[in-house]
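Structure at a glance
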Amino acid sequence: MSEDGGQTDAFETAVTVLQSGTVRVRSEDDILLARQEARAVAEEIGFSTTDVTRIVTGVSELTRNMHLYAEDGIMKWREIEAGTDRGIELVFDDDGPGIDDVEGVLRAEHSTSGGMGRGVQGTKKLMDGFDITSNPEDGTTITVRKWT
Amino acid sequence: MRTTDTAAVTQVYDVLIAAFPGRPTDQAVDDLQQDVLAQMEETNPRGVILDISEVTTLDSFFARVISETAGMVELMGGEAIVVGMRPSVAITAAELGFGLDAVETARSTDHALSMLGVRVEDADGEKAEGTNDEATTDSTKLDADGTPTGPASSPGGGR
């Protein structure tokens, strides 16, 4: 019962990965570390202050969800390039219980335990590309992209 | 990392100023809420200023705690005002869909103090200590019950 978030257009662009890194998220301190690392990378890529804030806020929402619902997860970041465009790709991957109703979460109908739907749906709005795959076997993987 | 996650609640006259740290853990945010409410009970201030000028990332959790804290202060009979939201944070919060709708906001600590009835006057030539850098006037008077008290030597003594 794998479901697709639907908004995959932004991922059809072939990209070159310039550098990458990983942050494991198992605690609240790790959420902070993930935010700090995402901020440093986004600033280095040359995002505006507002875009850096959008990116770091999205990282905060998605890493907190991983910690809350799956306890353990990984954030991978990649500095990406397509032609003259530079951007960041972030993958949030966990082996948790998965999300029963992905479409519902994206419509922000789920507001239990502090509003996962709000965080996920809000993050989608903050980014240029957003993709979610979730099922009970493999957990949840959310990939986002933002271009400068 | 540890240097930025400690919270501070200070008192200026009979107003509490809670400065939220820039990059706090969830626990630090919860702790600050507890501190605000504990000091609220202890000092019985007329209001609480929630200063988020250091906050660079306001996610849905943090926004909810700020809204809740403001609501709790009001339930306890005080007035809560949020000050200092950065432009990038305001843009992101609006896009995420939380605008801190039910919360009173002010442009600066000075503005919030005046909303709370702490009147700043440029009269007696004595420097008011404990107010923020933006204070450009020379003395601070309280008009809690319409009675000017003059420059207060004991903060919080207005009641």
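Residues numbered from 1 in each chain as written. Chains lettered and ligands numbered in written order. Predicted model: local features only at pLDDT ≥ 70, side-chain atom pairs only at ≥ 80, totals over all residues. Heavy atoms only, no water.

1. Let's talk about the overall build of chain B
The test is simple: Strands are runs of DSSP state E lasting at least 2 residues, helices are runs of H or I lasting at least 4, and numbering of each runs from the N terminus. Partly exposed describes any residue whose relative accessible area lies between the buried limit of under 20% and the exposed limit of over 50%, with all areas from a 1.4 Å probe on protein chains only and scaled to the type maximum. Any two residues whose heavy atoms approach within 4.5 Å at even a single point are treated as in contact. Working definition of accessibility: Shrake-Rupley area with a 1.4 Å probe, residue cover restricted to the visible protein chains.
Each helix and strand in chain B was counted, giving 4 helices and 7 strands. Order of helices (α) and strands (β) in chain B, N terminus to C terminus: β-β-α-β-α-β-α-β-α-β-β. Considering chain B as a whole, with its 159 residues, one finds that 45% of them fall into the buried category. When contacts within chain B are restricted to residue pairs at least 6 apart in sequence, those whose partners lie at least 24 apart make up 63%. For chain B, the accessible surface area stands at approximately 7600 Å², while carbon and sulfur atoms represent 46% of it.

2. Description of the overall build of chain A
The helix and strand inventory of chain A stands at 4 helices and 6 strands. If you list the helices and strands of chain A from N to C, you get β-β-α-α-β-β-α-α-β-β. A buried classification covers 51% of the 148 residues belonging to chain A. Taking contacts inside chain A between residues at least 6 apart in sequence as the whole, the part at least 24 apart equals 68%. Element-wise, carbon and sulfur atoms account for 43% of the exposed surface of chain A, whose accessible area totals about 6500 Å².

3. Examining unusual backbone geometry
All names here are of chain B. At Y13, a residue that is not glycine, the phi angle is positive and equals roughly 55°. Here Y13 is to be found in the loop between β1 (8-12) and β2 (15-19). Non-glycine residue N44 carries a positive phi angle of around 50°. We classify N44 as partly exposed; its relative accessible area is 46%.

4. What to know about helix α2 (residues 60-75) of chain B
In an α-helix, one full turn covers 3.6 residues, which means residues spaced three or four apart are oriented alike. What counts is decided by this rule: Any helix carries an expected span of 1.5 Å times its number of residues minus one.
Helix length check: α2 of chain B, at 16 residues, gives a terminal C-alpha distance of 22 Å against a target of 22 Å (1.5 Å per residue), a fit within 8%. Considered for burial, the residues of α2 of chain B that qualify are S60, F61, F62, A63, V65, I66, T69, A70 and V73 of chain B. Buried residues in α2 of chain B make contact with α2 (49-70) of chain A together with α1 (26-43), β3 (47-51) and β4 (79-83) of chain B. One or two steps after α2 of chain B, the chain reaches G77 of chain B, where phi turns positive at roughly 95°.

5. Some words on the packing of α1 of chain B against α2 of chain B
Residues and elements named next belong to chain B. What counts, and what does not: Every axis corresponds to a line fitted to the C-alpha atoms, with the helix fit spanning only the stretch in contact, and the corresponding angles, defined between N-to-C directions, vary from 0 to 180 degrees. The cut-offs work like this: below 35 degrees is roughly parallel, past 145 is roughly antiparallel, 65 to 115 is roughly perpendicular, and the gaps in between are oblique. Each residue is assigned to one of three groups, with Ala, Val, Leu, Ile, Met, Phe, Trp, Tyr, Cys and Pro labelled nonpolar, Asp, Glu, Lys and Arg labelled charged, and all others, Gly among them, labelled polar.
Running from N to C, α1 and α2 cross one another at 10°; their axes reach a closest spacing of 11 Å. In this view, α1 runs roughly parallel relative to α2, as classed from their interaxial angle. Where α1 abuts α2, its residues D26, V29, D30, Q33, V36, L37 and M40 lie against F61, F62, V65, E68, T69, M72 and V73. When its residues are assigned to classes, the contact of α1 with α2 shows 9 nonpolar, 2 polar and 3 charged.

6. Some remarks on the packing of α2 of chain A against helix α3 (residues 87-96) of chain B
Cut-off, in case you're wondering: Note on convention: the crossing is left-handed when the near helix lies turned anticlockwise from the far helix by less than a right angle, right-handed when the turn is clockwise.
Where α2 of chain A contacts α3 of chain B, the axes come no closer than 9 Å and their chain directions differ by 50°. For the element pair α2 of chain A / α3 of chain B, the angle class is oblique. The interaxial crossing formed by α2 of chain A with α3 of chain B has right-handed handedness. Contacts between α2 of chain A and α3 of chain B pair T49, T50, T53, R54, T57 and E61 of chain A from the former with S88, V89, I91, T92, E95 and L96 of chain B from the latter. For the contact of α2 of chain A with α3 of chain B, a count of residues per class yields 3 nonpolar, 6 polar and 3 charged.

7. Here's the deal with the interface of chain A and chain B
How big an interface is tends to be stated in terms of the accessible area lost upon association of its parts. As a reminder, the rule being used: In this description, buried area is defined as the sum, over both parts, of the accessible area (probe of 1.4 Å) that is lost when the two are combined. Counted as salt bridges are all cases of a side-chain nitrogen of Lys or Arg within 4 Å of a carboxyl oxygen of Asp or Glu. In protein, a polar contact requires one atom able to donate a hydrogen and another able to accept it; more generally it is a pair of N or O atoms within 3.5 Å, and residues adjacent in sequence count only if both atoms are side-chain atoms.
Contacts between chain A and chain B engage 22 residues on the former and 22 residues on the latter. Carbon and sulfur atoms supply 49% of the area buried between chain A and chain B, which totals about 2100 Å² over both sides. D26 of chain B is paired through a salt bridge with R64 of chain A; the nearest N and O atoms lie 2.5 Å apart. The interface formed by chain A and chain B contains 10 residue pairs in polar contact (both at pLDDT 80 or more). For the side of chain A that touches chain B, the secondary structure elements donating two or more residues are α1 (28-45), α2 and α4 (116-126) of chain A. The leading source of residues in the side of chain A that touches chain B is α2 of chain A, at 9 residues. By residue class, the composition of the side of chain A that touches chain B is 4 nonpolar, 9 polar and 9 charged.

8. Looking at the confidence of the model for chain B
Note the cut-off: Scored from 0 to 100, pLDDT reflects the predictor's confidence in each residue.
Residues with a pLDDT of 70 or more make up 69% of chain B, whose mean pLDDT is 77. With pLDDT under 50 throughout, residues 1-5 of chain B is counted as low confidence; its partners more than four residues away or in other chains account for 13 contacts.

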